[in-house]
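What the coordinates show
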Amino acid sequence: MDTTHRKELALGTIWFGTRQDAERSYALLDHYVARGGRWLDTADNYAFWESPSGTGGASETVIGDWLRRHPGVRDEVAISTKIGANPTVPGTWAAPMEGLSPRAVEEAVAPSMARLGVDVIDLLWAHIEDRAVPLEEQVEALGSLVADGRVRRLGASNHATWRVERARSLARTRGLASYDALQLRHSYLQPMPFAPLPPGHVVATPESLDYVASEGLDMWAYTTLLSGAYARTDRLPHAYRHPETDRRLAALDRVARRLDATRNQVVLAWLIGGTPAVTPVVGVSDIAQLDEAMDALALPLDAEARAVLDGRDAQ
């Protein structure tokens, strides 16, 4: 399967097997594929904080079971999963995460592949930084997974831009595959600088977006719809409650009315059609939410609409 970037959104599966039972998860997966979706985004630590075991793996297990129930569907979907952030002590954020040492990488990848029931991972993300392990060792460990065919591509999630560039430079000198995708928290509304966010979340900055565009990396974004806050602003986190938010919401409403679209759809279209183009990771609870998100792929967000959203219009 060609896994290079195209205009699309990825299905976030963080709650599969925990908040969302298997049957609901299967229905969402079926409908996503029927609508032409191809990227399933998961992680080895999803969702340990919701699981009775206190460890991750539930989401990958549900996806693996679904793949086995649908022979041939593996040719239609691409698997994106992450390693490095499963807790070493079940059920707690306070414990050290598994990390990205060569041993940790090996011990994480094999169980992920077994739960998913796949012989290759299309896109493997280093879920978090691990500054306790020399970057050279991380580059070697991750690059070897591509070299031996277990992984097709590598991405960095929640990493500082300078760390990504250093890792890519080290990989080039060693003739190894390295990160060609970056995944960060990103949406149309922006949080106040230095405002507290959930543990581990790293926000996209103008610098990181410029780096991705300049270097030709793929850009993925999570928490794109702010957990429903565009539809219900009473859910808007404190970090987003500032004057610029009011201006941007007013612009969002202007464009949504003109296009007869929802706020969520305009936000997704703004991300997908931007520079760099962004693949939003979207988690949904039901088919209606999934259809709303998928319909955003066809939303005609023209230059005038983007000017309004970006504050470049005459008004």
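Residues numbered from 1 in each chain as written. Predicted model: local features only at pLDDT ≥ 70, side-chain atom pairs only at ≥ 80, totals over all residues. Heavy atoms only, no water.

Side note on the pattern of salt bridges
In a structure, side chains of opposite charge can pair up when their charged atoms sit close to one another. Considering all chains together, one arrives at 25 salt bridges under this definition. The partner of E50 in a salt bridge is R19, with the nearest N and O atoms 3.0 Å apart. In this pair, E50 sits in the loop between β2 (39-41) and α2 (58-69) while R19 sits in the loop between β1 (10-12) and α1 (22-34), placing the two residues 31 residues apart along the sequence. By relative accessible area, which is 33% here, E50 ends up partly exposed. Taking the relative accessible area as the measure of exposure, R19 reaches 52% and is therefore exposed. When the shortest N-O distance is used, the salt bridge between D291 and R35 registers 2.8 Å. You can see D291 sitting in helix α9 (residues 287-295) and its partner R35 sitting in the loop between α1 and β2, a full 256 residues away along the chain. For D291, a relative accessible area of 23% puts it in the partly exposed group. What makes R35 partly exposed here is its relative accessible area of 31%. Linked through salt bridges whose partners overlap, the residues forming this network are R35, D291 and D295. (Salt bridge = Lys/Arg side-chain N within 4 Å of Asp/Glu carboxyl O. Helix = DSSP H or I, 4+ residues; strand = E, 2+ residues; numbered from the N terminus. Buried < 20%, exposed > 50% of the residue type's maximum accessible area, 1.4 Å probe, protein only.)

Focus on the sheet that holds strand β7 (residues 218-222)
Sheet architecture is closed into a barrel: eight strands sit in the order β1-β2-β3-β4-β5-β6-β7-β8, paired in parallel fashion. Neighbouring strand axes in the sheet, compared pairwise and without regard to direction, differ in orientation by 30° on average. Judged from the five bridges that link them, strand β6 (residues 179-185) and β7 form a sheet pairing that is parallel. Note that in β7 the partner of A181 across the bridge is D218. (Pairing = 2+ DSSP bridges. Axes fitted to C-alpha atoms, helices over the stretch in contact; angles between N-to-C directions.)

Remarks on the pairing of strand β8 (residues 278-282)
With respect to burial, β8 is a largely interior element, five of its five residues being buried. Across the two faces of β8 the burial is the same, with V278, P280 and V282 and T279 and V281 all buried. Two strands pair when backbone bridges link them, and β1 and β8 are joined in this way by two bridges, in the parallel orientation. Within the sheet, the bridge partner assigned to L11 lies in β8 and is V282. As paired strands, β7 and β8 are joined by three bridges and run parallel to one another. Among the inter-strand pairings, A221 is bridged to a residue of β8, identified as P280.

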